[in-house]
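One-letter residues, chain by chain:
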Amino acid sequence: QSTLQVACTLDPDLILYSVNSPEIDDLQRIMILRRELPNTLILVLVHGELNGQEKIITDYGAHQVLSNSIHPTELVKAVRELAHVHFPSILFTESISRAQFSQAIDMGL
């Protein structure tokens, strides 16, 4: 199965999408994810420094764009803020966020 098929099957609340350098294939995938999963938040992590790519990536449907060099604590903070804006009734506790992002970091995201 393709990543898009898996995402559509799982219907997640949040997708962390990691890219080396946003290319048209990545942008099209983000656009498709946003179209197929309108209630899913899409946070894109770009390898290296951001060079003004945020606008282009958000125009294709990402809710937020960050450098993957962001400190894990700041990443947790960004996700919590993003979730609070889009899902204000969801409780995203510190312990849940730490556990989730520890797993993500262990996986190399």
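Residues numbered from 1 in each chain as written. Predicted model: local features only at pLDDT ≥ 70, side-chain atom pairs only at ≥ 80, totals over all residues. Heavy atoms only, no water.

A.B. asks: Just to check I follow, could you spell out the sheet that holds strand 2 (residues 41-46) for this structure?
C.D. replies: Backbone-to-backbone hydrogen bonds join strands into a sheet, with any given pair of strands oriented parallel or antiparallel. An order of 1-2-3 is seen for the three strands of this open sheet, with the pairing classed as parallel. Looking at the sheet topology across the chains shown, the edges are occupied by strand 1 (14-19) and strand 3 (64-67). Here the average twist between neighbouring strands, direction ignored, is 25°. When strand 1 meets strand 2, the two strands line up parallel, connected through six bridges. (Pairing = 2+ DSSP bridges. Helix = DSSP H or I, 4+ residues; strand = E, 2+ residues; numbered from the N terminus. Axes fitted to C-alpha atoms, helices over the stretch in contact; angles between N-to-C directions.)

A.B. asks: Explanation requested: the packing of helix 1 (residues 3-10) against helix 2 (residues 24-36) in the structure shown.
C.D. replies: A pair of packed helices is characterised by two quantities: the angle between their axes and the separation of those axes. Packing of helix 1 against helix 2 brings their axes to within 11 Å, and their N-to-C directions diverge by 20°. The angle between helix 1 and helix 2 falls in the class roughly parallel. As for the relative orientation of helix 1 and helix 2, their crossing is right-handed in sense. Every residue of helix 2 that contacts helix 1 at Leu4, Ala7 and Cys8 is listed here: Arg29, Ile32, Leu33 and Glu36. Of the residues that constitute the contact of helix 1 with helix 2, the class distribution is five nonpolar, no polar and two charged. (Parallel < 35°, antiparallel > 145°, perpendicular 65-115°, else oblique. Left-handed = near helix turned anticlockwise from the far one by under 90°. Contact = heavy atoms within 4.5 Å. Nonpolar A, V, L, I, M, F, W, Y, C, P; charged D, E, K, R; others polar.)

A.B. asks: Hey, could you run me through the pattern of salt bridges in this one?
C.D. replies: Oppositely charged side chains can form a pair if their charged atoms are brought close together. The tally for this structure, following the rule as stated, stands at three salt bridges. Residue Lys55 is joined to Asp59 by a salt bridge in which the shortest nitrogen-to-oxygen separation is 3.0 Å. Taken together, the residues span about one helical turn, with Lys55 and Asp59 both in helix 3 (residues 54-59) at a distance of four residues. Asp59 shares its class with Lys55; the two are exposed. (Salt bridge = Lys/Arg side-chain N within 4 Å of Asp/Glu carboxyl O. Buried < 20%, exposed > 50% of the residue type's maximum accessible area, 1.4 Å probe, protein only.)

A.B. asks: Whenever I open this one, the pairing of strand 2 confuses me. Can you help?
C.D. replies: Within a regular strand, the side chains alternate between the two sheet faces. Where burial is concerned, most of strand 2 is hidden: six out of the six residues are buried. Alternating positions in strand 2 separate into two faces, Leu41, Leu43 and Leu45 on one and Ile42, Val44 and Val46 on the other, with burial throughout. Note on the crossover from strand 2 through helix 3 to strand 3: the handedness is right-handed. (Right-handed = clockwise from strand over helix to strand, strands pointing away.)

A.B. asks: Just to check I follow, could you spell out the confidence of the model for the chain for this structure?
C.D. replies: Parts of the prediction with low pLDDT should not have their coordinates interpreted in detail. Per-chain confidence: the chain averages 82 in pLDDT, with 78% of residues scoring 70 or above. Per-element mean pLDDT across the chain ranges from 66 in helix 5 (residues 94-106) up to 93 in strand 3. (pLDDT = per-residue confidence, 0-100.)

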